[in-house]
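So the chains spell out like this:
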Amino acid sequence: MKDTLLYNARLIDPEAGTVTEGALLLSGGRIKAVVTSADEIATLAGQTDAQDLNGAHVAPGIVDLGVKVGEPGERHKESFKTAGMAAAAGGVTTMVTRPDTSPAIDTPEVLEFIRRRANETAPVNVLPMAALTKGREGREMTELGFLLDAGAVAFTDCDRVVSDTKVLSRAMGYARSLGALVMSHPQEPILSKGAAASSGKFASLRGLPAVSPMAERMGLDRDIALVEMTGVRYHADQITTARALPALERAKNNGFDVTAGISMHHLTLNEMDVADYRTFFKVKPPLRSEDDRQAVLEALRTGLIDVIGSFHTPQDEESKRLPFEEAASGAVGLETMLPVLLRLYHAGEVDLPVLFRGLSLNPAKRLGLDCGRLSAGAPADLVIFDADKPFVLDRFKLQSKSKNTPFDGARLQGKVLQTLVAGTPVWSA
Amino acid sequence: MRFDQRHLLGIEPLRPDEITTLLDLADRYVTLSRQREKHATALAGLTQINMFFENSTRTQSSFELAGKRLGADVMNMSMQASSIKKGETLIDTALTLNAMHPDLLVVRHPHSGAVDLLAQKVNCAVINAGDGKHEHPTQALLDALTIRRAKGRLHRLNIAICGDIAHSRVARSNLLLLHKMENRIRLVGPSTLMPSGIADFGAEVYDDMAEGLKDVDVVMMLRLQKERMDGGFIPSEREYYHRWGLDAEKLAHAKPDAIVMHPGPMNRGVEIDGTIADDINRSVIQEQVEMGVAVRMAAMDLLARNLRARPTDLAV
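Residues numbered from 1 in each chain as written. Chains lettered and ligands numbered in written order. Predicted model: local features only at pLDDT ≥ 70, side-chain atom pairs only at ≥ 80, totals over all residues. Heavy atoms only, no water.

Student: For this particular structure, what's the right way to read the overall build of chain A?
Tutor: A count of helices and strands for chain A gives 13 helices and 17 strands. Taken over C-alpha atoms, the radius of gyration comes to 21 Å for chain A, in line with the 22 Å a tight globule of 429 residues would show. Across the 429 residues in chain A, those meeting the buried criterion constitute 60%. Taking as baseline every contact in chain A between residues at least 6 positions apart, the subset at least 24 positions apart corresponds to 75%. (Helix = DSSP H or I, 4+ residues; strand = E, 2+ residues; numbered from the N terminus. Rg over C-alpha atoms; globule rule 2.2 N^0.38 Å. Buried < 20%, exposed > 50% of the residue type's maximum accessible area, 1.4 Å probe, protein only. Contact = heavy atoms within 4.5 Å.)

Student: For this particular structure, what's the right way to read the packing of helix H12 (residues 337-346) of chain A against helix H13 (residues 352-366) of chain A?
Tutor: Packed helices, taken two at a time, are described by their axes: the angle between them and the distance between them. All names here are of chain A. It is the contact of H12 with H13, at a shortest axis distance of 10 Å, that shows an interaxial angle of 140 degrees. Our classification of the angle between H12 and H13 gives oblique. Classified by chirality, the crossing of H13 by H12 is right-handed. Each of Met337, Leu338, Leu341, Leu342 and Tyr345 in H12 lies in contact with H13, whose residues at this interface are Leu352, Leu355, Phe356 and Leu359. Taken together, the residues of the contact of H12 with H13 break down into nine nonpolar, no polar and no charged. (Axes fitted to C-alpha atoms, helices over the stretch in contact; angles between N-to-C directions. Parallel < 35°, antiparallel > 145°, perpendicular 65-115°, else oblique. Left-handed = near helix turned anticlockwise from the far one by under 90°. Nonpolar A, V, L, I, M, F, W, Y, C, P; charged D, E, K, R; others polar.)

Student: Which parts of the structure should I look at to understand the packing of aromatic side chains?
Tutor: The description of two aromatic rings rests on the distance between their centres and on the angle between their planes. Overall, the coordinates contain two aromatic pairs over all chains when judged by the stated rule. Aromatic pair A:Phe356 and A:Phe385: ring centres 5.7 Å apart, planes at 25 degrees, arrangement stacked. Placement of the pair is A:Phe356 in helix H13 and A:Phe385 in strand E15 (residues 382-392), with a sequence separation of 29 residues. With a centroid separation of 6.0 Å and an interplanar angle of 35 degrees, the aromatic rings of B:Tyr240 and B:Trp244 are classed as tilted. Residue B:Tyr240 and its partner B:Trp244 are located together in helix H8 (residues 237-244), separated by four residues, close to a single helical turn. Residue B:Trp244 is classed as buried on the basis of its relative accessible area, which comes to 13%. (Phe/Tyr/Trp six-rings, centres within 6.5 Å; stacked < 30°, edge-to-face > 60°.)

Student: What's the story with the interface of chain A and chain B in this structure? I'm lost.
Tutor: One frequently used descriptor of interface size is the decrease in accessible area upon assembly of the parts. Counting residues at the interface gives 17 residues for chain A and 21 residues for chain B. The junction of chain A with chain B conceals about 1600 Å² of combined surface from both sides, 57% of it contributed by carbon and sulfur atoms. Between the two partners, chain A and chain B, sit one salt bridge. Note that A:Arg206 and B:Glu12 form a salt bridge whose closest N and O atoms lie 2.9 Å from each other. On the surface where chain A and chain B come into contact, there are ten residue pairs in polar contact (both at pLDDT 80 or more). (Buried area = accessible area lost by both parts, 1.4 Å probe. Salt bridge = Lys/Arg side-chain N within 4 Å of Asp/Glu carboxyl O. Polar contact = N/O pair within 3.5 Å; in protein donor to acceptor, adjacent residues only side chain to side chain.)

Student: Any chance you could explain the domain arrangement of chain B here in plain terms?
Tutor: Residue and element names in this part refer to chain B. Once the domains are mapped, chain B shows domain 1 (7-135 + 290-309) and domain 2 (137-284). Averaged C-alpha coordinates put domain 1 and domain 2 at centres separated by 26 Å. Contact residues are listed per partner, giving 33 residues for domain 1 and 24 residues for domain 2. Here domain 1 meets domain 2 over a buried area of about 2400 Å², counting both sides, of which 64% is carbon and sulfur. (Domains from an automatic or database assignment.)

Student: I keep staring at the sheet that holds strand E4 (residues 125-131) of chain B and nothing clicks. Help me out?
Tutor: Through backbone hydrogen bonds, the strands of a sheet pair up, either in parallel or in antiparallel fashion. Residues and elements named next belong to chain B. Spatial ordering of the open sheet is given by E2-E1-E3-E4, a layout of four strands whose pairing is parallel. Two strands close off the open sheet at either side, each with one partner strand: strand E2 (73-78) and E4. When the angles between neighbouring strand axes are averaged without regard to direction, this sheet yields 15 degrees. Relative to strand E3 (residues 104-109), strand E1 (residues 47-52) runs parallel, the two being bridged by five bridges. Bridging across to E3, Phe52 finds its partner in Arg108. The sheet contacts of helix H11 (residues 285-308) involve E1, E3 and E4, and relative to E4 the element is tilted by about 150 degrees. (Pairing = 2+ DSSP bridges.)

Student: Just to check I follow, could you spell out helix H10 (residues 290-302) of chain A for this structure?
Tutor: One turn of an α-helix holds 3.6 residues; hence residues three or four places apart share an orientation. All names here are of chain A. With 13 residues, H10 should cover 18 Å at 1.5 Å per step; its first-to-last C-alpha distance of 18 Å lies within 8% of that length. Taken residue by residue, H10 has Asp292, Arg293, Ala295, Val296, Leu297, Ala299 and Leu300 as its buried positions. Check the buried side of H10 and you find it contacts helix H8 (245-253), strand E13 (258-263), helix H9 (264-268), strand E14 (307-309), H12 and H13. (Expected span 1.5 Å × (residues − 1).)

Student: Just to check I follow, could you spell out the UniProt feature "binding site: carbamoyl phosphate" (unreviewed entry) in chain B for this structure?
Tutor: Residue and element names in this part refer to chain B. In the numbering adopted here, UniProt assigns the feature "binding site: carbamoyl phosphate" (unreviewed entry) to Arg58, Thr59, Arg108, His136, Gln139, Gly264 and Pro265. Looking at where Arg58 falls in the secondary structure, it is placed in helix H2 (residues 58-69). A relative accessible area of 40% means that Arg58 is categorised as partly exposed. The contacts of Arg58, once residues within four sequence positions are left out, are Pro263, Gly264, Pro265 and Val289. In this structure Gln139 touches Val170, Pro263, Gln288 and Arg296, once residues within four positions along its chain are discounted. (UniProt positions renumbered as here; feature names shortened; annotations may be inferred.)

Student: How do you make sense of the pattern of salt bridges when you look at a structure like this?
Tutor: For side chains bearing opposite charge, pairing can occur when the charged atoms are close. Summed over all chains, the structure comprises 41 salt bridges over all chains. A salt bridge links A:Asp257 to A:Arg233, with the nearest nitrogen and oxygen atoms 3.8 Å apart. Taken together, the residues span a long stretch of sequence, with A:Asp257 in the loop between H8 and E13 and A:Arg233 in strand E12 (residues 233-236) at a distance of 24 residues. Overall, the relative accessible area of 26% leaves A:Arg233 in the partly exposed class. B:Lys250 is paired through a salt bridge with B:Asp247; the nearest N and O atoms lie 3.8 Å apart. The class for B:Asp247 is buried, based on a relative accessible area of 17%.

Student: Would you mind going over the sheet that holds strand E7 (residues 92-97) of chain A with me for this structure?
Tutor: Residues and elements named next belong to chain A. With respect to topology, three strands assemble into an open sheet ordered E6-E7-E8, the strand pairing being parallel. Edge positions in the sheet fall to strand E6 (62-67) and strand E8 (125-128), since each of these pairs with one other strand and no more. Within this sheet the neighbouring strands show an average axis-to-axis angle of 20 degrees, counted without direction. In the sheet, E6 pairs with E7 via five bridges, with the strands oriented parallel. Counted as the bridge partner of Asp64 is Met95 from E7. Against the sheet, helix H2 (residues 80-89) makes contact with E7 and E8, and its axis sits at roughly 135 degrees relative to E7, the strand it touches most.

Student: Just to check I follow, could you spell out the environment of A:Ser192 for this structure?
Tutor: Residue and element names in this part refer to chain A. Residue placement: Ser192 occurs in the loop between strand E9 (181-184) and strand E10 (197-198). Residue Ser192 is classed as buried on the basis of its relative accessible area of 15%. When the C-alpha positions of Ser192 and Ala215 are compared, they lie 6.6 Å apart, and in sequence the two are 23 residues distant. Excluding its chain neighbours within four sequence positions, the residues that come into contact with Ser192 are Gln187 and Val211.

Student: In this structure, what is going on with unusual backbone geometry? I would like to understand it.
Tutor: The phi torsion of most residues other than glycine is negative, and most of the peptide bonds are trans. Across the junction of A:Lys284 and A:Pro285, the peptide omega takes the value -5 degrees, indicating a cis bond. Assignment of secondary structure puts A:Pro285 in the loop between H9 and H10. The linkage connecting B:Gly264 with the following residue, B:Pro265, adopts the cis geometry, with an omega of -10 degrees. Looking at where B:Pro265 falls in the secondary structure, it is placed in the loop between strand E9 (259-261) and helix H10 (274-278). A positive phi angle, close to 50 degrees, is found at A:Asn54, a residue other than glycine. Within the secondary structure, A:Asn54 sits in the loop between strand E4 (49-52) and strand E5 (57-60). Phi at B:His101 takes a positive value of approximately 55 degrees, unusual for a residue other than glycine. Here B:His101 lies in the loop between helix H3 (90-98) and E3. For B:His101, a relative accessible area of 63% translates into the label exposed.

Student: Explain the side chain of A:Thr405 to me, please; I cannot follow it from the model alone.
Tutor: All names here are of chain A. Structurally, Thr405 is set in the loop between E15 and strand E16 (411-421). At 3.0 Å, the side chain of Thr405 and the backbone nitrogen of Phe407 are in polar contact. Beyond its immediate stretch of four places on either side in the chain, Thr405 contacts Phe280, Val332, Thr336, Leu393, Arg395 and Leu398.

Below is the structure:
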């Protein structure tokens, strides 16, 4: 089989922090070379299967850390097939899935089941995370070792905070001895119980039960103390408030193995977007103030916040068409993440290498994967997109089985043209 | 005179001139209600359904009486007892009801925003009779009418709202309305009973009653819900009464002609002293109840006029 040459491309290299015009030579499902000299490209074009990208951007495929798929238990909301299609359409080449299913993914047997389902049906890479405690109930740790052997890439109870600090410290200590990564949802669980909004004027005017943004910092402070105690590899799933950032910075400066993520929604929306109780804007943690959004955006630019994720959470209409307090949390995002985040690029708030550092490079590095880079030897997991193409998002055209996106009707710029997994196209617009 | 609303979901969407329009009409209905013959025909032929997902005697009977005085066919549905218990969703309930072709729907619900949600799914006029901790617009309007009649104006007054602001939809609606009409508002109470973001509300916040009531024209007391007492938000009933309950000593700090209001039902000896509540020179609590019927008549009348101006065969 001939090698493939993607030429006339704008190559986004998050490692080098550059966008350069050139070509990518792909061979055997991997990147063989990055070619920038025009002569070389002309020579190679004759010898290979050459594809003219007409100036489109090429970036390492997105590694989405924290995707909820409805299997097992809620296949009517999302299956591996539909999630995989949504991922491919959104330039996500690796889905790192959450264990907050029913039942929770807390035994090697359930993990085996979903790995088999994923491999059979999803067109993109699927890497599962497993629960940290049995049934995500926060009482006993799961068989972390067996789960690790079965392919779990990280351990998390997702949005259920392990409130018993002793249980968490033991689970973290045990994970430390296995070298496993623990992902936590930093939140003071009792303070934030029942909250549907961030406390402040907006929540008070709407009469919504609210939690102080300080609850996130309290949760993070506790977690970091436990990291100091146990030495575990730790990732905070979402840091969404300005008040939590100094604690994160201190932990990193002190040399702890700590990283943090942020959701696409907290980077692009604020609490006011909820407006008149629009439940598609109900996410966990709740949307924050504009000051908080600006602060986390700055933290993304400086690299204090490492990873951007969609926190894809499919919900059916019934669970969203309820009074705001009762409505389910979460939004779908696999397919919309890239165009939505390109709003930040078009507004001049972040550049493309920074965006893909958070979307591809950092999550891959955190999980020890060799993807997420545009360099020779890396897998040819790529997203090719036109950063400028305008469109109006229609939620009913999404690949995902659930259509709960807050961006329905939004005017966006940026379309995925092609998604490659190991050099093979899994999506073409 | 204009009133451009399809529903009355809150004070927030109302313009000051719409508030004045409504209060002017309510004034006329006060006169009507004081006659021996109280009937008018503004709602003749229309169906009004009162849907209360939360217990209420006072508000529900006030709406019922208002509808009947204007000639509407009024039906009361107590929703705690019915389908909600059987697991029917709010939307299904709304659609079921909508099929019965009501013209006016009066809704009270324990969750904030539930009435807005319901209003999106029906094609009649919806009146919010209180949703969670969000709004209770007719209460704020009846309070405004009471103040206007007692003080001769509804602007440039110093008004103190005292007690459990955090959990009170009455406080929110009053705050919005009184701000729109350009009054100075003080919020008085312990910080556990203050909503978050209070500093951004454009009101002055006091935690001491004597300071908070100094030279005010209106003292508006709020009900303290039983479940908030006993150590949760305040240490005890008697301590609350001692510090924040309205008695003659505290009221002495207000202007000599200050009026005392309470949305009811009162906890005598908790947030208000019984003798003050009964003092006909200070307390306008009975007038508030009377104004309630008139304001609800005016609100339903105005909504019905807008309803009649629209084609009847409107699809959902």
